[in-house]
Amino acid sequence: MVEAVLIDLFSLPANLQSNIQGLLHSTLETIEKCSSIPAPFVYVMCSQRQESKRNSEQESLLPALRDFQSLKKRLEVVHALTTAAALYTIKQRLDEKDLSIIKIILPTIRKDLMKVYVDHLFTAVYQFEFEDLQVASDCKNLQIAELQSEWQTLPTQDVVLIQSEIQMYLESLPSLKGELTILRSSLIPDDIFLHGFTTRTGGISYIPTLSSCNLFSSSKRRDPQVVVKENLRRLANAAGFNPETFHRVKVDHANAVCIMGKTEPDSYDGIVTNQKGVTIAAPGADCIPVLFADPVRKACGAAHSGWKGTLLGVSMATVNAMVSEYGCNVKDILVVLGPSVGPCCYKLPHESAKEFHRIDPKCVRLFDSPSPYIDIRRATRVLLESGGILPENIQDDSVTDQNQNITFCTACHPEKFYSHFRDGTNFGTQIGFISIKD
C-alpha cells in the first residue's frame, strides 16, 4: 500500500503553468479517487527559480489544488532551487511520519535522473514505485509496485553532476544539536598521535535517534551514506585528518584484525597501522570503541568490542597484531576505552553472563537473576592486563579518573551519545579514531 505520493514537476518550465495545472489536477484526481481512506500524503516538488518568485509560483498552483479537500491536510508543495534540496526536504517529511512506501509520479525523461537521486538520498528502508506523469486510466495504477519502463544507465558525467549537487546541498546545511565535540585522552601523547572519540553533536542527521553526528549507515537505518559522509567530513575538518584516508572497521562482533597495507578481510573488529596520515576508527553505540597507541614504535590500533567481541578477546587480538607486525613491546602500548554502556544499564541473559563471570566474578552484578548486569569494560581490562598490558596504561574513566570524562555510559547520557540499548534498531553511531601524525 502506497503511504505517500511524490509528484515531480521540478523540470517543467515556469512558462507552462497552464500545462502544469492540467497535469496536476488530473494526477490529484486519480490519487483522490483511487487511494484508500485516509488518502496518502502527497508532495508536489517544484523548481524555485528565484526567491522572489516563490509566492507567485505557489499561487499559480492553487487552482489545481483547491478541488481536493480530502487531500488538503495531506498535501504539501515543496519549492527548492535544486532537485537535491527538494527531495531531501520531502525525505524529512517522510521520516517525521515514519513513511517508507513512496510512489513517484514524474515525466518519463526524469526517471533515470530520479533513480540516481533516490539511490544517494535514501536507503533500503524505503520502497519506491514509479509512474509516468499522465492521466491514469485505471485506479489500479496507484497500487502497482513496478516500474513502467526499464532503467537506463545515465552517462557518468551526469551521475557526477548529481553527486556534486547533493554534496553541495548537504555541505550548506547547518549543524544540529550544537557544535561538533571531540573527547580526547591525556594518556595518548598528542605530539605523536591525533585521536579522539566523537559525541552526537555537530552533524546534519535529523532523525531523533540518529541526530546529529551519526557516523554509520546501513540498509536498516534511514540515514543514507551521503549524510554520514558529510558528518565525517565535518569531523575530519574539526579534528584535522584527511577523510580520504579514513578506514573504519567492518564490524562482525568477532576478533579478526586488519593490518593496514595487507589484504583486507571481509569483516574485522580490530585494525592496526604504522602508516602516517592514515586514520583508523572503530564505532560504538554501547559497544566499546577501544584505541591503542605505542609511542615507542609509533604504531596504533582501534577495536570495536561488544559483548561478543570482548569474550572473543578482540582487544588482545589487536595488541597481538601490533606486537607481531610492528615489533611493539606490550608494556609500551597505551589503551583507552571510549564511551560505552556501563554496568549500570547493560544486561545479558544468564547463559551469556556466565562467560563474563568466568573472566572475573566482579564483571557480573545480580548473577543469580535471569538477566544480570554486565561490566564489559572490566572484562576488557582484565583480559588486557592478563595479556601483559600495564594497569596504568589502561584508561577507563569509570574506575581510573572520573575527571577525564572519556568513558561515559552511553545509555545514561542521551544528550551526548547514541545507544542501541536505549534507542532501539534505528540507532546512531559514534566512533573512536586515531592516526600517527606526519
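Definitions and cut-offs
Residues numbered from 1 in each chain as written. Predicted model: local features only at pLDDT ≥ 70, side-chain atom pairs only at ≥ 80, totals over all residues. Heavy atoms only, no water. 1 Å grid on protein atoms, 1.4 Å probe; cavity = no way out; pocket = protein on both sides within 12 Å on 5 of 7 lines; lining within 4 Å. Points joined across faces, edges and corners; volume = space filled by probe spheres on them. Helix = DSSP H or I, 4+ residues; strand = E, 2+ residues; numbered from the N terminus. Core = buried A, V, L, I, M, F, W, Y, C linked by side-chain atoms within 4.5 Å. Buried < 20%, exposed > 50% of the residue type's maximum accessible area, 1.4 Å probe, protein only. Domains from an automatic or database assignment. Contact = heavy atoms within 4.5 Å. Pairing = 2+ DSSP bridges. Polar contact = N/O pair within 3.5 Å; in protein donor to acceptor, adjacent residues only side chain to side chain. Axes fitted to C-alpha atoms, helices over the stretch in contact; angles between N-to-C directions. Parallel < 35°, antiparallel > 145°, perpendicular 65-115°, else oblique. Left-handed = near helix turned anticlockwise from the far one by under 90°. Arc of directions from axis to C-beta. Phe/Tyr/Trp six-rings, centres within 6.5 Å; stacked < 30°, edge-to-face > 60°. Lys NZ or Arg CZ within 6 Å of the ring centre and 35° of its normal.

**Considerations on empty space enclosed by the protein**
- By the definition in use, this model includes three cavities of 30 Å³ or more.
- Taken as a whole, the second largest cavity spans an internal volume of roughly 50 Å³.
- Of all the secondary structure elements, the ones that give two or more residues to the lining of the second largest cavity are α7 (307-311), α8 (314-326) and α10 (376-386).
- Among the elements that take part in the lining of the second largest cavity, α8 stands out by supplying three residues, more than any other.

**Points about the nonpolar core**
- By size, the foremost hydrophobic cluster in this structure holds 38 residues, and its most contacted members are L87, Y88, M114 and L170.
- Those elements that provide at least two residues to this core are β1 (4-8), β2 (41-47), β3 (75-80), α3 (83-96), β4 (101-106), α4 (111-121), α5 (156-172) and α6 (225-239).
- If one sorts the elements of this core by residue count, α3 sits on top with seven residues.
- Each of two domains, domain 1 (4-138 + 151-172) and domain 2 (182-436), supplies a minimum of three residues to this core.
- Those residues within four positions of L170 in sequence are excluded, and the remaining contacts are Y88, I204, V226, V227, E230 and R234.
- A321, L348, I374 and I394 belong to the second-largest nonpolar core, a separate cluster that totals 35 residues.

**Looking at the pairing of strand β12 (residues 288-294)**
- Of all seven residues in β12, seven are buried, a share of seventy percent or more.
- Because side chains alternate across β12, one face comprises the buried residues I288, V290, F292 and D294, and the other comprises P289, L291 and A293, equally buried.
- In this structure, β12 lies alongside strand β13 (residues 299-305), joined through seven bridges in antiparallel fashion. Following the sheet pairing, D294 is matched in β13 by A299.
- In this antiparallel pair of consecutive strands, β12 and β13, the connection spans four residues, and K298 shows a positive phi of 55 degrees.
- Relative to strand β14 (residues 334-337), β12 runs antiparallel, the two sharing four bridges. Directly across from V290, in β14, lies its bridge partner L337.

**Description of α10**
- Turning to α10, its buried residues number three or more, namely I376, R377, A379, T380, R381 and L384.
- For α10, the capping residue at the N-terminal end is D375, with a side-chain oxygen 3.2 Å from the backbone nitrogen of R377.
- G388 sits one or two positions beyond α10 and adopts a positive phi of about 110 degrees.

**Overview of the packing of α5 against α6**
- The N-to-C vectors of α5 and α6 enclose an angle of 55 degrees; their axes lie 10 Å apart at closest approach. One element, α5, and the other, α6, form an angle in the oblique class. In terms of crossing hand, the pair formed by α5 and α6 is right-handed. Of α6, the residues touching α5 (which contributes I166, L170 and E171) are V226, V227, E230, R233 and R234.

**Re the sheet that holds strand β8 (residues 246-248)**
- Pairing in this open sheet of five strands is mixed, and the strands run β6-β7-β18-β11-β8 from one edge to the other. Each edge of the open sheet is held by one strand with a lone partner, namely β6 (182-183) and β8.
- Pairing between strand β11 (residues 279-284) and strand β18 (residues 430-436): five bridges, direction antiparallel. Each residue of the ladder has a partner; that of P283, found in β18, is I431.

**Quick notes on the environment of G387**
- Relative to the helices and strands, G387 resides in the loop between α10 and β17 (394-395).
- Residue G387 is classed as partly exposed on the basis of its relative accessible area, which comes to 33%.
- Separated by 57 residues in the primary sequence, G387 and V330 place their C-alpha atoms 8.2 Å from one another.
- Sequence-distant contacts of G387, defined by excluding residues within four places in its chain, comprise M316 and V330.

**What to know about the environment of L71**
- Relative to the helices and strands, L71 resides in the loop between α2 (54-65) and β3.
- The exposure class assigned to L71 is buried, which follows from its relative accessible area of 0%.
- Considered as a pair, L71 and P40 are 31 residues apart in the sequence and their alpha carbons are 7.9 Å apart.

**Regarding helix α9 (residues 350-359)**
- Listed in full, the buried residues belonging to α9 are S352, A353 and F356. An end-on view of α9 places all buried positions within 100 degrees of arc, on one side of the element. The exposed set on the far side of α9, more than 90 degrees from its buried face, consists of E351 and R358.
- Taken together, the buried residues of α9 touch α7, β15 (364-365), β16 (373-374) and α10.

**Points about the packing of aromatic side chains**
- Overall, the coordinates contain nine aromatic pairs when judged by the stated rule.
- With centroids separated by 6.3 Å and ring planes inclined at 75 degrees, the aromatic side chains of Y346 and F421 adopt a geometry described as edge-to-face. Of the two residues, Y346 is situated in the loop between β14 and α9 and F421 in helix α11 (residues 420-423); the sequence distance between them amounts to 75 residues.
- Judged by relative accessible area, Y346 falls into the buried class, the value being 13%.
- You can call F421 partly exposed: its relative accessible area is 44%.
- Grouped by ring-pair contacts, the aromatic residues F122, Y126, F128 and F130 constitute a single cluster.
- The positively charged end of K97 is found above the aromatic ring belonging to F41, 5.1 Å away from the centroid.
- Positioned over the ring face of F427 is R221, at 3.9 Å from the centre of the ring.

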